[in-house]
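# Residue-level structural notes
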Amino acid sequence: EPEGQETFWHSSSHVLGCALEQEFGSQLTHGPPTSGGFFYDSFMGHKVVAQEDFGKIEAKAKELAKQKAPFVRLVLSKEDALKLFADNPFKVHTIQTKVPDGSLTTAYKCGPLVDLCRGPHLPHTGKVEAFAVVKNSSSYFLGQANCDSLQRVYGVSFPDKKALAKWKQFQEEAAKRDHRKIGVEQDLFFFHELSPGSCFFLPHGCRLYNALVQFIREQYWGTGKKDDRVYHEVITPNMYNMNLWVTSGHAAKYKENMFTFDVEKAEFGLKPMNCPGHCLMFKSKARSYRELPLRLADFGVLHRNELSGALTGLTRVRRFQQDDAHIYCTVQQIKGEVRGVLELIERVYKIFGMTFSLCLSTRPETKIGDDSLWDKAEKLMEEALNDFGKPWKLNPGDGAFYGPKIDVRVYDALERPHQCATVQLDFNLPNRFDLSYIGQGSEAKDGLGPNASEAERQLAEGGRLRPVMIHRAVLGSVERMIAILTEHYAGKWPLFLSPRQLVVVPVTKEQLAYAEELRELFHSEGFHVDVDETLNKLPKMILNAQKAQYNYILVVGRNEVTDRAVNVRLRTGVERGLQSVDDFIAHIKAERAACGVGFEMETAAPAAAK
């Protein structure tokens, strides 16, 4: 169970903290459990933890585990806590800023370690029978670059050694699939120190990037039917005067995560999200109920000022694009629009061969807006989820302050969860930007609740209403999705996304002219195609094509030239044999159009080791 795992790893982080104190004399800061284990941040002066230190840390941790030291809860006054941790300025700062005067706090004793903690914990350290240090990195106290530099040590633990061995096997498979490794092997992308957190997509990587964006654009295009949920793609500026972010509220809550600069004595910022710009677009002209729902999609470039220590391949970057969209609708349209987004999410991830889970997060204590509006919105979200027909869980009190949301967790071939897609209602931005539309007849006045604000009453007098705004993403960050799909497919891309779709392999130089003719033909049909001009021995050319992950390897010899055909092989080694060029083109065009659905999925990720 998640709660039990969290408690186990939380207790294990104390074991790690004790080992760091004993081995290095570290001053501990904090050590939480994570989704994949735990870590501890500590101050070590100029000491930098190296891989050769991992064994020493593990040895100390195992010593403490063997002692079966109990976790003892201590209740302390603020004054006693300050005295107890007087030699640790980081703990002193935490106590001074987090514990109100005159109140109590708690700490836990575990062997020689005493640490601030709310618990809960295991009965004793003996439950942690298998312990491993996984990796290390640097971090900053409070996550701020102007604070002390800390050493972060990551660990994982289990109740027995078999579970640890299984975890290590899983990690070996994950390492083979690491997108950073495959990205280099397939010549897709790289990073450079002169632009940290901003990816350079090479030609083959750009093919993949564009294919993924085009795939989503095709979902937006719809069928053309009047009642189809069509998205209208827009382009918005990359930088705005900071007054926009003051209006949206991001200047007060998000400015430290933005890149800001002066332009002609005025402060500007690169946009970290698209929603305020879309609000300007909605407000650019008078709107009517007849235009709603209005769905605006945007693949614009976004920038977020992530700390350098947090940057990790394509999963955490500073420059990225999203399949971002905002839907402006009436309250009555919420249910249908939310269901439409969920159906889109299901369609996309089914094509990827990924499953997902749903969770509805409801109003937090910090909510804004009328309770009656929240009641109606949450009820409509629940109805949309129930109509969608998939299992979902309720997460009370964890919604955004501006509206309830549905969190979508997708699972890759290794059954790892990823937070990508989202559906969020927003009552806040329409108010902050004073958005409105002309209602139908007297609905504006008829719909006023007893707790309506003066602004809403004034709108109603003019026959106008506030729209509801729905934030939604299916992929989320395109960069991050490329990382996830790289590892999900293990670099074996399906044809519709593949940067290397076809390679023609001439048996001898006599077939080179035919190979070039085929290249031109397949290129004219919109396929990425190469010709192996090395004229190496045939088995070597086929092996090289398989390693490069070409979807189809087309061998051409004398017979193929005579019959105007190709001898088709798959990268898996399967031979499909002789096919006429026309038949083969018909096959791959159909496979591409169907995104592989209904075709032999030789590019699907193999089952993970369990």
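Residues numbered from 1 in each chain as written. Predicted model: local features only at pLDDT ≥ 70, side-chain atom pairs only at ≥ 80, totals over all residues. Heavy atoms only, no water.

### Brief notes about the packing of helix α7 (residues 203–221) against helix α16 (residues 478–489)
Contact geometry for α7 and α16: axes closest at 11 Å, N-to-C directions at 105 degrees. Of the possible angle classes, the one that applies to α7 and α16 is roughly perpendicular. Residue-level contacts link L208, Y209, L212 and V213 of α7 to V478, E479, M481, I482 and L485 of α16. (Axes fitted to C-alpha atoms, helices over the stretch in contact; angles between N-to-C directions. Helix = DSSP H or I, 4+ residues; strand = E, 2+ residues; numbered from the N terminus. Parallel < 35°, antiparallel > 145°, perpendicular 65-115°, else oblique. Contact = heavy atoms within 4.5 Å.)

### So, the sheet that holds strand β14 (residues 266–270)
If you walk across this open sheet you meet the three strands as β12-β14-β13, and the pairing is antiparallel. Strands with a single pairing partner mark the edges of an open sheet, and in this sheet they are β12 (239–241) and β13 (260–263). Between one strand axis and the next, the sheet turns through 35 degrees on average, direction left out of account. As paired elements, β12 and β14 share three bridges and run antiparallel to each other. Opposite N241, over in β14, you have F268 as the bridge partner. (Pairing = 2+ DSSP bridges.)

### Remarks on the sheet that holds strand β6 (residues 113–116)
An order of β4-β5-β6 is seen for the three strands of this open sheet, with the pairing classed as antiparallel. Looking at which strands have only one partner, the edges of the open sheet turn out to be β4 (71–77) and β6. Adjacent strand axes in the sheet meet at a mean angle of 30 degrees, parallel and antiparallel pairs treated alike. Note: β4 against strand β5 (residues 104–110), seven bridges, orientation antiparallel. Note that in β5 the partner of S77 across the bridge is L104.

### As for a positive patch on the surface
Where like charges cluster on the molecular surface, the positive patch consists of K62, K66, K161 and K168. For the positive patch, the secondary-structure elements that each account for two or more residues are α2 (54–66) and α5 (161–177). Among the secondary structure elements, K168 is positioned in helix α5. (Patch = residues over 30% accessible without salt bridge, like charges linked within 9 Å, V, L, I, M, F, W, Y side chains within 5 Å. Areas by Shrake-Rupley, 256 points an atom, 1.4 Å probe, with all protein chains shown as cover. Salt bridge = Lys/Arg side-chain N within 4 Å of Asp/Glu carboxyl O. Lys, Arg positive; Asp, Glu negative; His and termini not counted. Charge placed at Lys NZ, Arg CZ, Asp CG, Glu CD.)

### Some words on the pairing of β6
On a regular strand, each side chain points to the face opposite its neighbour's, so the side chains alternate between the two faces of the sheet. When β5 meets β6, the two strands line up antiparallel, connected through four bridges. What sits directly across from K109, in β6, is V114.

### Topic: the confidence of the model for the protein
Across the protein, the average pLDDT comes to 91, with 97% of residues at or above 70. Mean pLDDT across the elements of the protein bottoms out in helix α14 (residues 443–446) (72) and peaks in strand β25 (residues 502–506) (98). In the model, residues 602–610 has pLDDT below 50 throughout and makes 27 contacts with residues more than four positions away in sequence or in other chains. (pLDDT = per-residue confidence, 0-100.)

### Overview of the pattern of salt bridges
What the rule picks out here adds up to 35 salt bridges. The partner of R152 in a salt bridge is D41, and the shortest N-O contact between them spans 2.7 Å. One end of the pair, R152, is in strand β8 (residues 149–158); the other, D41, is in strand β3 (residues 37–43), with 111 residues separating them in the sequence. Of the two residues, R152 and D41, both sit in the buried class. D407 serves as the salt-bridge partner of K405, at 3.9 Å between the closest nitrogen and oxygen. Across the pair, D407 and K405 agree in class, each one buried. Connected through salt bridges with shared partners, the residues R229, R295, E337, R339 and E343 form a single ionic network. (Buried < 20%, exposed > 50% of the residue type's maximum accessible area, 1.4 Å probe, protein only.)

### Notes on unusual backbone geometry
Between G119 and the following residue, P120, the backbone shows a cis peptide bond with an omega angle of -5 degrees. The amide bond that connects L292 to the next residue, P293, takes the cis arrangement and shows omega of 0 degrees. Along the chain, the position of P293 falls in the loop between α10 (275–282) and β15 (294–298). Of note, the phi angle at A490 is positive, near 55 degrees, even though the residue is not glycine. Take A490: it is sitting in the loop between α16 and β25.

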